Structures are given as structure tokens and as C-alpha cells.
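As a plain string of letters, each chain reads:
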Amino acid sequence: MAIPLTAHFALEELACTQHREIDNRPPPEVVANLRGTAARLEEVRRLLGERVISVTSGYRCPELNRAVGGSRTSAHLTGHAVDFNCYGFGDPLAVCRTIAESGVGFDQLIEEGTWIHLSFDPRLRRQVLTKRPGGGYGLGLPQ
């Protein structure tokens, strides 16, 4: 049975993994962060016309984060970040532009090419980045 965090997001969705051999159950302090992340995702969902948000990565325990090549300082480790798509709204660049131009508070928004990374780390820097084809990240979104 799914444990709801908000009207449209469940704990299992924000802690899912295809790496079945890794126990990715979040500790209580991370669950609290995931509730906040889910509440912010509800804001994003409203901004995107109530369209379905498909989360592909949320919380990652340290073992899972290493397995997927995540940053050692990733906000996924604390439950503050999600990777997602909103296919009913548009491609990742269109979604990123809409979020970047809105009043939604976020720490980091990255157009990753085929998905969106969105962090609600408490610093809320509103940093907007685009993954470069050859590797690394550039500041802002392409015109």
C-alpha cells in the first residue's frame, strides 16, 4: 500500500529504484524532507496545468547514489531533489523554462537533455543550468 506524502505523490514514488538489490528506504528525517519536496512538486504540477509529473529519481541512499554515479553532495541524498518529466506539458526545455520564469522557489533546476533535475535544497538559490553535450553544465537555458 502506497504511503501518500501529498495528493499526487507517494513515498514509494519518491524513493523508487530499479536497483532492487539496494535497500533505498529513507530514514525518518529524509521522509520529512520528502514531504516538503512533494509539497513543492504540487506547486510545479499546478504550474504545469495539473499534468502528471513522472518522477524517475528522488531519494537516493549513499549506496544507490554511488551506483548511479551521483554527486557526493547530491540533494537526492537528503530527499530534496527529484528527476522527472512532464510529458503532457512538453519537452524538458519547455518545462524548465516555465519553472524558471515562475515564482516557484527552488535551489537548482537543470535541463538534463531527456529529463529535468529539480532541487528544493533549503538554500533556494534559483540556480538554472543546462547539461552540455560534451559533459559539464552551463549557466542558464538555451535560447
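In this numbering scheme, every chain counts its residues from 1 along its sequence in written order. The model is predicted, so local features are restricted to residues of pLDDT at least 70 and side-chain atom pairs to those at 80 or more, both for listing and for counting; the totals for chains, interfaces and linings are taken over all residues. Side-chain descriptors were evaluated using all non-hydrogen atoms of the structure, hydrogens and water having been removed beforehand.

The six strands are arranged S1-S2-S4-S3-S5-S6 in an open sheet whose pairing can be described as mixed. Each edge of the open sheet is held by one strand with a lone partner, namely strand S1 (54–57) and strand S6 (137–139). Taking the axes of each pair of neighbouring strands and ignoring which way they run, one obtains an average angle of 30° across the sheet. Pairing between two strands requires that DSSP report at least two bridges joining them. Helix and strand definitions follow DSSP, with helices as H or I runs of at least four residues and strands as E runs of at least two, each counted in order from the N terminus. Alignment of strand S3 (residues 108–111) against strand S4 (residues 116–119), held across four bridges, turns out to be antiparallel. Looking at the pairing, Gln108 lines up with Ser119 of S4. In this description, contact between two residues means that some pair of their heavy atoms is separated by no more than 4.5 Å. Angles run from 0 to 180 degrees between N-to-C directions of axes, and those axes are lines fitted to C-alpha atoms, restricted for helices to the stretch in contact. Across the face of the sheet, helix H1 (residues 28–47) comes into contact with S1, strand S2 (81–85) and S4 while running at roughly 35° to S2. Of the strands in this sheet, S2, S3, S4 and strand S5 (127–131) touch helix H3 (residues 92–100), which is tilted by about 155° from S3.

Right, let's get into H1. What a helix is expected to span follows from its residue count: subtract one and scale by 1.5 Å. Here H1 contains 20 residues, and its C-alpha end-to-end distance of 29 Å stays within 8% of the 28 Å for a straight helix at 1.5 Å per residue. To sort residues, take the accessible area from a 1.4 Å probe on protein chains only and compare it with the maximum for the residue type: under 20% means buried, over 50% means exposed, and anything in between is partly exposed. Within H1 the residues assigned to the buried category are Val30, Val31, Leu34, Thr37, Ala38, Leu41, Glu42, Val44 and Arg45. Each buried residue of H1 sits inside an arc of 160° when the element is viewed along its axis, so together they form one side. In this fold, the buried residues of H1 make contact with S1, S2, H3 and S4. Positive backbone phi, at 75°, marks Gly49, one or two positions downstream of H1. As used here, the arc is the angular range of directions from the helix axis to the C-beta atoms.

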